[in-house]
Amino acid sequence: MPDTATMPLNRLKGVGPKVAEHLERLGLRVLQDLLFHLPLRYQDRTHITPLGDLRAGDEVVFQAEIRAAQIIYGKRRSLLLRVSDGSGFVQLRFFHFNQVQQQALVAGAYIRGFGEARRGPQGLEITHPEYRLIDPGQPLPVAERLTPIYPATEGLNQPLLRRLAEQALVRLHDPRYAPTELLPESILAQWHLLPLIEALQAVHQPPPDSALATLESGAHPALRRLAFEELLAFQLGLRQLRQRIRQHRAPALTAHDALCTRFVQTLPFTLTTAQLRVSAEVRADLALATPMLRLVQGDVGSGKTVVAALASLQAAASGVQTALMAPTELLSEQHFQTLQRWFAPLAVEVAWLGGRLKGKTRAALLARIAQGQATVVVGTHALFQDDIVFANLGLMIIDEQHRFGVHQRLALRAKGRLNQTPHQLVMTATPIPRTLAMTAYADLDVSVIDELPRGRQPIDTVAIPERRRDEVIQRIHTALREGRQAYWVCTLIDASEVLLAQAAEDTAAQLAAALPGLRVGLIHGRMKAADKEDAMARFKAGALQLLVATTVIEVGVDVPNASLMIIENAERLGLAQLHQLRGRVGRGEIKSTCVLLYRSPLSEQARARLSTLRETQDGFAIARRDLELRGPGEVLGTRQTGLVQFHIADLARDAALLPKVALAAESVLQHHPECVAPLLQRWVRQGQQYSEV
Ligand code: ADP
Ligand code: MG
């Protein structure tokens, strides 16, 4: 029997092959897809608005007599009608009209129309209203319900989408087709959720007295109910993923002490209490034959790399390989150098799988990885490539997780041996608030490095308007003369790499001219990898005093001697990015300064961001503020990665639901495990991929 989950849409009236194709483009294949394809907004066509009451911005149904019609030959030819209903006037303007329309739309005719009023040259105007000519003596009904406006695509207009939705809604009440209520009674009752069918009905066909504002803001109980179910499904999906992975076997990495102890002794610093605690948690996980799934959160500069190094040594001591994946080539190169320096005395071989390795060199390296001599392999997502085969991969470390999605982790996992899953260590500097973490990382255990190494001094952060640029350059001059090193970060929003590179080159030339006798370097995304590394290496060695950079240095770059950071156009960057960039200084014991150069006038949001940054250096506080200002999509970096993509739910709008959803997930897993599979099937499109785990 076809139910909503399986009935193909071509069984509906009006769906031929062409329409089916367009529907497919919106991801709509079966009846259920259509039911969950929710309106973006609504129009109120339930009553006729007297023209005398019309204001600019109103979207209304009107009924009036055409008093005058004329063709205007302006910049664009248009047909202009002046219509009145006795209470007031409005102009109707058509840019596209044919002979037939022109002949029908004449003075004396009556018209019923719908459209949005805007201010025009001669009072209010409606451009291209939907209309029909009417007989004023014949009563013509108005809509009984609010009119939904659906997300559309070329070839699918609103009337068609509406007719299809209506056909789907009719089947809501037909027991043969109605979508199954998947939430257990107890959950519905506990969290005061509307039954599914009621919620769908209300969202698609809200009665005229519905509070439009709540429907559009997501506060409406019908939307809350649907968002709740989707978030719950997502949560259950991640937990199930976790359970599945935990059923696999991982190599128990029990040998560690000697190598790790020697390593810690060679470090020029002692580990912080937080680093020790987190390392111990990781060590205990690794010693088990169940795959570790652990997220290490630690603010910029908190020293996550050492924790990763210790884990990979434990792996090495136990005879398995580690893959360390970084989000950028530059960062992978830096990790490679750090680990090589640290591990050389311990005779642990570190390999770097750079994107520019070619031909024989690459083949030789792949052979060392395949034979197991390369114990720790550092790279970017290039590590996923098919020709990379590990002899015995036991641990994968993913740095700066917010740049990667669940899928990448799964892909790397597949590099483990047959019947053996590598342990996973994920590191992030994005200190996301707890409720969000529970949602986005429900499959991971979390450790937090909540302490910075001793001796770090707070970074002085100042905001200075662009017009005082010369003064800033003078200050840099003095500072560099005193032996300090500085970054100058060029940013352009939405600019191409080419433009950005150009801007950085120009700035570098200007600064070199303004700072005679000082060595100015340049690094940007369009430079050859070797040139980038060279610039970075010379800066690190102190041969360059000022490094002009684009945001390629945003994450992870570690030059402890650099103590001055200048960020151009700081008003245009988000808090998280500014925090990351600022985190490139203050990594040693030298007092550091961060200058936020901005252009006036500042928007209110920009002002709020800059002052937050001046007030605090605490990544968690900044993330909370960021969440208020921008919403979770940005905070999690999901915009770029598609880490969490919801159909109906919106993490910002529905943040208050998250703790409830977490509790509900617990309860479903315990008392109603049979609900999990159908919920995943309904909501989690990637279900297939996860289930291959
Ligand atoms: P992040 O957490 O941002 O990745 P890193 O691991 O790059 O931080 O560490 C930042 C800097 O602090 C590095 O130069 C590192 O060598 C240094 N560092 C790490 N741990 C300590 C410590 N316990 N004491 C002093 N310096 C440390
Ligand atoms: Mg780091």
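Located above this text is the structure these notes cover.
Conventions we followed
- Residues numbered from 1 in each chain as written.
- Chains lettered and ligands numbered in written order.
- Predicted model: local features only at pLDDT ≥ 70, side-chain atom pairs only at ≥ 80, totals over all residues.
- Heavy atoms only, no water.
- Near = heavy atom within 4 Å.
- Polar contact = N/O pair within 3.5 Å; in protein donor to acceptor, adjacent residues only side chain to side chain.
- Areas by Shrake-Rupley, 256 points an atom, 1.4 Å probe, with all protein chains shown as cover.
- 1 Å grid on protein atoms, 1.4 Å probe; cavity = no way out; pocket = protein on both sides within 12 Å on 5 of 7 lines; lining within 4 Å.
- Sits in = over half its atoms within 2 Å of the grid points.
- Core = buried A, V, L, I, M, F, W, Y, C linked by side-chain atoms within 4.5 Å.
- Buried < 20%, exposed > 50% of the residue type's maximum accessible area, 1.4 Å probe, protein only.
- Helix = DSSP H or I, 4+ residues; strand = E, 2+ residues; numbered from the N terminus.
- Contact = heavy atoms within 4.5 Å.
- Points joined across faces, edges and corners; volume = space filled by probe spheres on them.
- Nonpolar A, V, L, I, M, F, W, Y, C, P; charged D, E, K, R; others polar.
- Axes fitted to C-alpha atoms, helices over the stretch in contact; angles between N-to-C directions.
- Left-handed = near helix turned anticlockwise from the far one by under 90°.
- Salt bridge = Lys/Arg side-chain N within 4 Å of Asp/Glu carboxyl O.
- Expected span 1.5 Å × (residues − 1).
- Pairing = 2+ DSSP bridges.

### With respect to the site of ligand 1
Piece 1. Taken together, 17 residues lie near ligand 1, and Gly-301, Thr-305, Arg-456, Asp-558 and Arg-587 sit nearest.
Piece 2. Here Thr-305 contributes a side-chain N or O atom positioned 2.6 Å from an oxygen atom of ligand 1.
Piece 3. Contact distances for ligand 1 include 2.6 Å between an oxygen atom and a side-chain N or O atom of Arg-456.
Piece 4. About the coverage of ligand 1: the protein hides 88% of its 560 Å² of free accessible area.
Piece 5. With respect to the pocket detection grid, ligand 1 is positioned in the second largest pocket.

### Structural notes on the nonpolar core
Piece 1. Counting 73 residues, the largest nonpolar core has Leu-23, Leu-226, Leu-232 and Leu-679 as its most contacted members.
Piece 2. Per-element accounting of this core gives the leading share, 13 residues, to helix α8 (residues 221-247).
Piece 3. When residues no more than four places from it in sequence are discounted, the contact partners of Leu-23 are Leu-9, Val-15, Leu-28, Leu-156, Leu-161 and Leu-164.
Piece 4. Judged by nonpolar contacts, the second largest core, of 38 residues, contains Cys-260, Leu-310, Ala-316 and Leu-346.

### A word on empty space enclosed by the protein
Piece 1. The tally for this structure, following the rule as stated, stands at 2 cavities of 30 Å³ or more.
Piece 2. Considering only enclosed or pocket space, the largest cavity measures out at about 90 Å³ in volume.
Piece 3. For the largest cavity, the full set of lining residues is Leu-330, Glu-333, Gln-334, Gln-337, Glu-533, Met-536, Ala-537, Lys-540 and Val-559.
Piece 4. Secondary-structure elements contributing two or more residues to the lining of the largest cavity are α12 (329-343) and α18 (529-540).
Piece 5. The residue makeup of the lining of the largest cavity, split by class, is 4 nonpolar, 2 polar and 3 charged.

### Quick word on the packing of helix α9 (residues 257-266) against helix α11 (residues 304-317)
The description of two packed helices rests on the angle between their axes and on the distance between the axes.
Piece 1. Across the interface, α9 lies against α11 with an axial gap of 8 Å and an inter-helix angle of 145°. For α9 against α11, the interelement crossing comes out right-handed. Residues Leu-259, Cys-260, Phe-263 and Val-264 of α9 form the contact with α11, whose own contacting residues are Val-306, Ala-309, Leu-310, Leu-313, Gln-314, Ala-316 and Ala-317.

### With respect to the pattern of salt bridges
Piece 1. Applying the stated criterion across every chain, the model contains 25 salt bridges.
Piece 2. The partner of Arg-242 in a salt bridge is Asp-445, and the shortest N-O contact between them spans 3.2 Å. Here Arg-242 is found in helix α8, whereas its partner Asp-445 is found in strand β15 (residues 445-449), with 203 residues between them in sequence.
Piece 3. Take Asp-445: its relative accessible area is 24%, and that puts it in the partly exposed class.
Piece 4. Between Arg-468 and Glu-471 there is a salt bridge whose closest N-O contact spans 3.0 Å.

### Overview of helix α24 (residues 658-671)
It helps to recall that an α-helix has 3.6 residues per turn; residues three or four apart then point in one direction.
Piece 1. In this model, α24 (14 residues) spans 20 Å end to end at C-alpha, consistent with the 20 Å of a helix rising 1.5 Å per residue.
Piece 2. Among all positions of α24, only Leu-658, Val-661, Ala-662, Ala-664, Ala-665, Ser-667 and Val-668 are buried.

### Some remarks on the sheet that holds strand β20 (residues 562-567)
Piece 1. Taken in spatial order, the 6 strands line up as β16-β21-β20-β17-β19-β18 in an open sheet, and their pairing is parallel. Pairing within the sheet leaves two strands with one partner each, and these edge strands are β16 (460-465) and β18 (520-523). Ignoring which end each strand starts from, the neighbouring axes of this sheet average 20° apart.

### Digging into the environment of Ala-549
Piece 1. Assignment of secondary structure puts Ala-549 in strand β19 (residues 546-549).
Piece 2. Residue class for Ala-549 comes out buried when judged on its relative accessible area of 0%.
Piece 3. Measuring from C-alpha to C-alpha, the distance between Ala-549 and Arg-45 comes to 55 Å, with 504 residues separating the pair along the chain.
Piece 4. The residues contacting Ala-549, other than those within four sequence positions of it, are Trp-488, Val-489, Cys-490 and Ile-523.

### Here we look at unusual backbone geometry
The bulk of non-glycine residues show a negative phi, and the bulk of peptide bonds are trans.
Piece 1. Cis geometry marks the peptide bond from Ser-600 to Pro-601; its omega dihedral reads -5°.
Piece 2. Tracing the backbone through its elements, the reader meets Pro-601 in the loop between β21 (593-598) and α20 (604-615).
Piece 3. Of note in the backbone geometry, His-128 takes a positive phi value of approximately 45° without being a glycine.
Piece 4. Tracing the sequence through the fold places His-128 in the loop between β6 (123-127) and β7 (130-134).
Piece 5. Here Ala-347, not a glycine, exhibits a phi torsion of approximately 60°, which is positive.
Piece 6. Structurally, the position occupied by Ala-347 is in the loop between α12 and β11 (350-353).
Piece 7. Overall, Ala-347 belongs to the exposed group, its relative accessible area being 70%.

### Observations concerning the pairing of strand β9 (residues 293-298)
Piece 1. Within β9, 6 of the 6 residues are buried, which leaves the element mostly enclosed by the surrounding structure.
Piece 2. What you see with β9 is no split at all: Leu-293, Leu-295 and Gln-297 on one side and Arg-294, Val-296 and Gly-298 on the other are buried throughout.
Piece 3. Where β9 meets strand β14 (residues 423-428), 5 bridges bridge the pair, whose relative direction is parallel. Each residue of the ladder has a partner; that of Leu-295, found in β14, is Val-426.

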